[in-house]
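Letter by letter, the chains look like this.
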Amino acid sequence: MALRDFFISLSENEAISTAAQNYGFKLGAQHIVAGANLQEVIESVRTLNEQGIACTIDNLGEFVTEEATAIQAKDEILALIEAIHSEQLNAHISLKPSQLGLDIDIDFCYDNLHEIVEHANECGIFVNFDMEDSPRLQMTFDMLKELQKSFNNVGTVIQAYLHRAKGDIENFKDSRLRVVKGAYKESEEIAYQDQLEIDINFLELIEYHLTHGLFTSIATHDHNIINHVKYFVEQYNIPKEKFEFQLLYGFRKDLQVELAREGYQVCVYVPYGEDWYGYFMRLLAERPQNINLVTKRVFNKKTNTVLAVAAGAFVLGRLTKRK
Ligand SMILES: Cc1cc2nc3c(=O)[nH]c(=O)nc-3n(C[C@H](O)[C@H](O)[C@H](O)COP(=O)(O)OP(=O)(O)OC[C@H]3O[C@@H](n4cnc5c(N)ncnc54)[C@H](O)[C@@H]3O)c2cc1C
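A brief structural summary. (Residues numbered from 1 in each chain as written. Predicted model: local features only at pLDDT ≥ 70, side-chain atom pairs only at ≥ 80, totals over all residues.)

Some points on helix α9 (residues 223-235)
Next, step 1: Look at α9: 18 Å from first C-alpha to last across 13 residues, which is about the 18 Å you get at 1.5 Å a residue.
Next, step 2: Those residues of α9 lying buried are Ile 225, Val 229 and Val 233. Projection of α9 onto a plane perpendicular to its axis shows the buried side chains occupying an angular sector of 65°, all on one side. Structural note: α9 exposes His 223, Asn 224, Asn 227, Tyr 231, Glu 234 and Gln 235 on the side pointing more than 90 degrees away from its buried face.
Next, step 3: Asn 237 occupies a position one or two residues after α9 and carries a positive phi of about 50°. (Helix = DSSP H or I, 4+ residues; strand = E, 2+ residues; numbered from the N terminus. Expected span 1.5 Å × (residues − 1). Buried ≥ 20, exposed ≤ 12 C-beta atoms within 10 Å, placed from the backbone. Arc of directions from axis to C-beta.)

Given below as structure tokens:
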């Protein structure tokens, strides 16, 4: 099994996720997650804002199956919107529809999203729907289209690994969009598997939205893509107000600051909360070297033990299944 598949499988393991929630912050998760609660994330965002960096804040959580948990997440996001507004932070919201009940019932999820987007709209705050895996994609687009009939403070993400992405970006060209390579495991029927093909499509989508779209968030840690964008916007006289570079909290901090100093708009994706485990495992799945970037800070004897136990449990689980 490829390492990527291994980490993706781990990201879906509930028992390990619960253990991670209990011990993660003691072990050092705070280097990639900006706080366990609202107060802590506000401080992290303020520090980034002071460096001229905007933020998109994500209250961690996904694949929720209980209505009460989804309602709790909605209330937390409403409180986050209040805090961004009252603290006058340079920040907006990122959220995952599956955290707000998409896997329970689409109408229930839509009502939750409506309440969030409406309140954010009153506060002048933008809301971005993160794009999850392909079974949830069309439902997310449908809810977005419906909400956009009443609100213009809401947008989503286009994943360059999907064959259908060109059509989707054209369909949503009047929206503020984040363009990414794509983080989930998808089959070759619907997604490019080859890195070069993904990169080519990524650049084409970015160029299309920069020249035809409302506002483009280029979300990547890939300096080759970033350098190409810098060259492209220069050639096509695209003003810096029309796009931004987005990077994840804790990743390539030097590059974040450097881009901001060069006068580009930079927005850092700031996750917070206890439910950090699935998020982190996907980071390892897409680039196992990420483990090196955080090893010295996040991983120590204790965390290595947790990972070793996790890996052992996973292998054991698979062996048992096979029997
Ligand atoms: C702000 C943000 C929001 C996102 N939102 C979503 C979403 O809603 N849905 C979704 O599916 N995916 C999302 N993603 C994840 C995205 O789809 C990719 O999986 C992820 O960003 C990895 O691709 P990459 O473009 O960063 O570069 P990669 O393909 O991982 O790396 C390309 C090259 O860039 C360099 N590089 C990459 N990372 C580093 C590093 N940490 N340090 C040094 N060099 C590095 C290396 O040379 C590497 O070979 C998001 C990513 C970001 C940054």
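A closer look at the site of the ligand
Next, step 1: The ligand sits among 23 residues. The nearest are Asp 130, Val 180, Ala 183, Thr 220 and His 221.
Next, step 2: Of all the secondary-structure elements, those providing two or more residues to the shell around the ligand are β4 (154-159), β7 (243-248) and α12 (290-298).
Next, step 3: Considering every element that reaches the shell around the ligand, the biggest residue donor is β7, with three residues. (Near = placed C-beta within 6 Å.)

Observations regarding unusual backbone geometry
Next, step 1: Phi at Gln 88 is positive, roughly 50°, even though this residue is not glycine.
Next, step 2: For Gln 88, the location among the structural elements is in the loop between α4 (67-86) and β2 (91-95).

What about the nonpolar core?
Next, step 1: The biggest cluster of nonpolar side chains holds 79 residues, and the ones touching the most others in it are Val 45, Cys 55, Ile 57, Ile 93, Val 179, Val 268 and Val 270.
Next, step 2: Top contributing element to this core by residue count: helix α11 (residues 277-286), with seven residues.
Next, step 3: If near-sequence neighbours (up to four positions away) are discounted, Val 179 is found in contact with Ile 158, Ala 160, Phe 202, Leu 205, Ile 206, His 209, Thr 216, Ile 218 and Ala 219. (Core = buried A, V, L, I, M, F, W, Y, C linked by C-beta atoms within 7 Å. Contact = placed C-beta atoms within 7 Å.)

Regarding the packing of α4 against helix α5 (residues 106-122)
Angle between the axes and distance between the axes: these two values describe a pair of packed helices.
Next, step 1: At a minimum axis separation of 10 Å, α4 and α5 run at an interaxial angle of 10°. The orientation of α4 relative to α5 falls into the category roughly parallel. On α5, the residues that touch Glu 67, Ala 70, Lys 74, Ile 77, Leu 78 and Ile 81 of α4 are Phe 108, Asn 112, Glu 115, Ile 116, His 119 and Ala 120.
Next, step 2: Looking at the contact of α4 with α5 residue by residue, the class counts come to seven nonpolar, two polar and three charged. (Axes fitted to C-alpha atoms, helices over the stretch in contact; angles between N-to-C directions. Parallel < 35°, antiparallel > 145°, perpendicular 65-115°, else oblique. Nonpolar A, V, L, I, M, F, W, Y, C, P; charged D, E, K, R; others polar.)

Notes on helix α6 (residues 137-147)
Next, step 1: Every buried residue of α6 is listed here: Leu 137, Thr 140, Met 143, Leu 144 and Leu 147. With its buried residues spanning 135° around the axis, α6 presents them on a single face. Looking at α6, the residues exposed on the side facing more than 90 degrees away from the buried face are Gln 138, Asp 142, Lys 145 and Glu 146.
Next, step 2: Residues of α6 that are buried sit in contact with α5, β3 (127-129) and β4.

Digging into the environment of Gly 273
Next, step 1: Relative to the helices and strands, Gly 273 is located in the loop between β8 (266-272) and α11.
Next, step 2: On the basis of neighbour count, Gly 273 is assigned to the buried category, with 22 C-beta atoms found within 10 Å.
Next, step 3: Along the backbone, Gly 273 and Asn 59 are 214 residues apart, and their C-alpha atoms lie at a distance of 5.9 Å.
Next, step 4: Leave out the neighbours within four places in its chain, and Gly 273 touches Ala 36, Asn 59, Leu 60 and Gly 61.

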